[in-house]
Amino acid sequence: MSALLRAGVIVVCLGAAIGWGVTRPAPMPTSIAPEHQASAAAGEIIFLAAGCSSCHAAPGAKGEDKLVLTGGAAFPSDFGTFYAPNISPDRVHGIGGWTLEEFAHAVRNGVSPQGQHYYPAFPYAAYSHVTDADIADLFAYIRALPESDVPDQAHKVSFPFSIRRGLGVWKILFTQSDYVVTADLSEEQQRGRYLAEGLGHCAECHTPRNALGGLDRSRWMGGAPNPSGKGRIPNITPGALDWSQADLKVYFSSGLTPEYDSAGGEMAVVIENLSQLPEPDLAALAAYIKVLPAVK
Amino acid sequence: MRRYLGMTMVSAITIAALAGAAIGDSHADKAAQAAIKARQAQMQLQAYNLGILGEMAKGTIAYDATVAAAAATNLNLLANFDQTMTWPDGTMQGFAEETRAAPEIWSDAAGFADEWAKLAVATEAMKAAAGTDLAALQASIGAVGASCGSCHKAYRGPEN
């Protein structure tokens with residue numbers, strides 16, 4: 001073997017080793033909110049703000065059925081079609097066997113209890129902002145919901161996106177734990193930021209993505225093509241939306257626009273959740289929308 | 001000559017038949033257009049009355065118990081408006097222009113009627129609340145808005 005070839009082999013092996021290391025899922029947190037007395041009632045607010053049932057209930061579920069987190073909803077994208085998993089407390093098909101630490105690791109880091117990366121159709125990049133106490137409350141709430149024994153459907157994702165380990169690179173590139181809006185914010189605006197950038201994961205639809213599916217933070221909430229292929233998700237920054245804070249609050253609580261039309265499409269589903277949040281949270285969300293940097 | 005006459009007769013009958021069909025179509029079309037316009041006018045009246053209540057709730061116009069009660073009463077009347085005539089066949093999105101009426105209005109007529117019944121209930125409650133005070137009015141808007149949204153979600157098609 002020539003020296004050159006040997007050097008080449010060493011470089012490739014080294015690269016692979018580094019790649020393997022870099023793409024390795026983060027380790028599980030050791031203990032979540034040990035002092036916190038978890039409350040399922042408080043968890044319901046987190047559940048609504050995070051919109052869990054909009055993806056994890058059976059497609060088209062109404063009323064009480066929205067609390068059966070059986071999964072199955074399909075999410076078409078440029079990379080393939082993802083199917084929401086069963087996250088009901090069923091021990092076999094859901095998350096009934098999970099510990100709080102495993103749940104926190106899944107929600108905030110996008111890593112399964114088996115140590116696999118989740119696809120970012122699950123908005124863990126946004127959920128990385130969620131506090132330990134809120135995670136614990138949410139877990140208590142979900143654990144008390146009805147069980148469902150519907151098995152998960154496999155994602156239909158093509159090569160190379162089918163290699164989950166590759167998501168480790170995606171995570172390094174596109175998950176940032178810092179907030180996007182970093183201006184000097186009031187307490188209300190900060191609460192709104194936690195709700196919008198974190199739990200509500202508004203940017204997942206309202207912010208455009210690059211070719212690899214990462215959010216373009218320079219056009220935060222500036223509107224994006226609808227992943228379903230038809231129409232656009234609107235720009236909600238002051239660069240395009242001139243609704244007042246009062247307009248936004250009425251919109252979040254009733255779905256009524258300033259023209260007294262009602263929210264349509266996916267946003268109608270979002271409103272079903274938001275309208276159940278406490279009034280100060282809706283005011284906070286509206287306050288955050290008003291301080292977004294304008295995108296033209 | 002006779003043959004020529006015969007041809008002319010056939011042509012004339014064909015033309016008359018085609019013309020008749022065209023006239024018939026334009027009659028149907030006119031009735032469909034009128035129904036679409038009528039139901040859109042109903043929606044506009046609903047938006048107008050809801051707008052008065054909504055702006056009072058936001059504080060952009062002053063709360064007036066008499067006006068609020070009148071607007072809520074109108075909304076309730078509109079929710080109970082007899083719509084036997086305004087949803088004729090052939091007026092769904094895709095078959096008629098300028099409408100977003102989803103096919104489910106016809107394929108699930110009972111569900112559609114249910115949504116109107118829900119609006120009637122929500123506006124009945126609003127009628128009682130609107131004339132009471134501002135806080136009661138504000139509290140009653142959510143249910144009415146939810147009713148609008150729930151019906152639009154199931155029975156309104158995407159933007160044209």
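Preceding block: the structure.
Here is a short report on the structure shown in this document.

Thresholds applied
- Residues numbered from 1 in each chain as written.
- Chains lettered and ligands numbered in written order.
- Predicted model: local features only at pLDDT ≥ 70, side-chain atom pairs only at ≥ 80, totals over all residues.
- Heavy atoms only, no water.
- Pairing = 2+ DSSP bridges.
- Helix = DSSP H or I, 4+ residues; strand = E, 2+ residues; numbered from the N terminus.
- Salt bridge = Lys/Arg side-chain N within 4 Å of Asp/Glu carboxyl O.
- Buried < 20%, exposed > 50% of the residue type's maximum accessible area, 1.4 Å probe, protein only.
- Axes fitted to C-alpha atoms, helices over the stretch in contact; angles between N-to-C directions.
- Parallel < 35°, antiparallel > 145°, perpendicular 65-115°, else oblique.
- Contact = heavy atoms within 4.5 Å.
- Nonpolar A, V, L, I, M, F, W, Y, C, P; charged D, E, K, R; others polar.
- Phe/Tyr/Trp six-rings, centres within 6.5 Å; stacked < 30°, edge-to-face > 60°.
- Lys NZ or Arg CZ within 6 Å of the ring centre and 35° of its normal.
- Buried area = accessible area lost by both parts, 1.4 Å probe.

**A word on the sheet that holds strand S2 (residues 80-83) of chain A**
Taken together, 3 strands build an open sheet; the order of strands is S1-S2-S3 (chain A) and the sheet is antiparallel. Unpaired on one side and paired on the other, strand S1 (74-77) and strand S3 (156-157) of chain A mark the two borders of the sheet.

**Quick look at the pattern of salt bridges**
Across all of its chains, the model carries 12 salt bridges over all chains by this definition. The partner of Asp178(A) in a salt bridge is Arg217(A), with the nearest N and O atoms 3.2 Å apart. Here Arg217(A) lies in the loop between helix H9 (203-206) and strand S4 (224-225) and Asp178(A) lies in the loop between helix H7 (167-174) and helix H8 (187-199), a separation of 39 residues in the sequence. Take Arg217(A): its relative accessible area is 26%, and that puts it in the partly exposed class. Taking the shortest distance from any N to any O, the salt bridge between Glu55(B) and Lys58(B) comes out at 3.3 Å.

**Section: the packing of helix H2 (residues 40-50) of chain A against helix H6 (residues 132-143) of chain A**
All names here are of chain A. Running from amino to carboxyl end, H2 crosses H6 at an angle of 100 degrees, the nearest separation of the two axes being 7 Å. Classified by the angle their axes make, H2 and H6 are roughly perpendicular. Judged by residue contacts, Ala-40, Ala-42, Gly-43, Glu-44, Ile-46 and Phe-47 of H2 engage Asp-134, Asp-137, Leu-138, Ala-140, Tyr-141 and Ile-142 from H6. Residue composition of the contact of H2 with H6, by class: 8 nonpolar, 1 polar and 3 charged.

**Remarks on the pairing of S1(A)**
The side chains of a regular strand alternate between the sheet's two faces. Bridge count between S1(A) and S2(A): 4 bridges; the pairing is antiparallel. Residue pairing across strands places Pro76(A) opposite Thr81(A), the latter belonging to S2(A).

**So, the environment of Asp247(A)**
Within the fold, Asp247(A) resides in helix H10 (residues 245-254). The spacing of Asp247(A) and Pro123(A) is 124 residues in sequence and 27 Å in space, taken between C-alpha atoms. Every residue in contact with Asp247(A), bar those within four places of it in the chain, is listed here: Pro258(A) and Lys58(B).

**Overview of the packing of aromatic side chains**
Evaluated as defined, the whole model comprises 14 aromatic pairs over all chains. On the basis of an interplanar angle of 55 degrees and a centroid distance of 4.9 Å, the ring pair of Phe47(A) and Tyr141(A) is categorised as tilted. Of this pair, Phe47(A) sits in helix H2 while Tyr141(A) sits in helix H6, and the two are 94 residues apart along the sequence. Since its relative accessible area comes to 3%, Phe47(A) is described here as buried. The interplanar angle of 75 degrees and the centroid separation of 4.9 Å between the aromatic rings of Trp243(A) and Tyr251(A) together place this pair among those described as edge-to-face. For the pair Trp243(A) and Tyr251(A), one class covers both residues: buried. Aromatic ring contacts, followed pair by pair, group Trp87(B), Trp106(B), Phe112(B), Trp116(B) and Tyr155(B) into a single cluster. Cation over ring: Lys171(A) sits above Tyr124(A), and NZ or CZ is 4.8 Å from the ring centre.

**Points about the interface of chain B and chain A**
Listed per partner, the contact involves 17 residues of chain B and 16 residues of chain A. Carbon and sulfur atoms make up 56% of the surface buried where chain B meets chain A, a total of about 1,300 Å² over both sides. Looking only at chain B, the three residues that lose the most surface to chain A are Lys58(B), Lys153(B) and Arg156(B), adding up to 41% of its buried area. Remark: the boundary between chain B and chain A carries 3 salt bridges.

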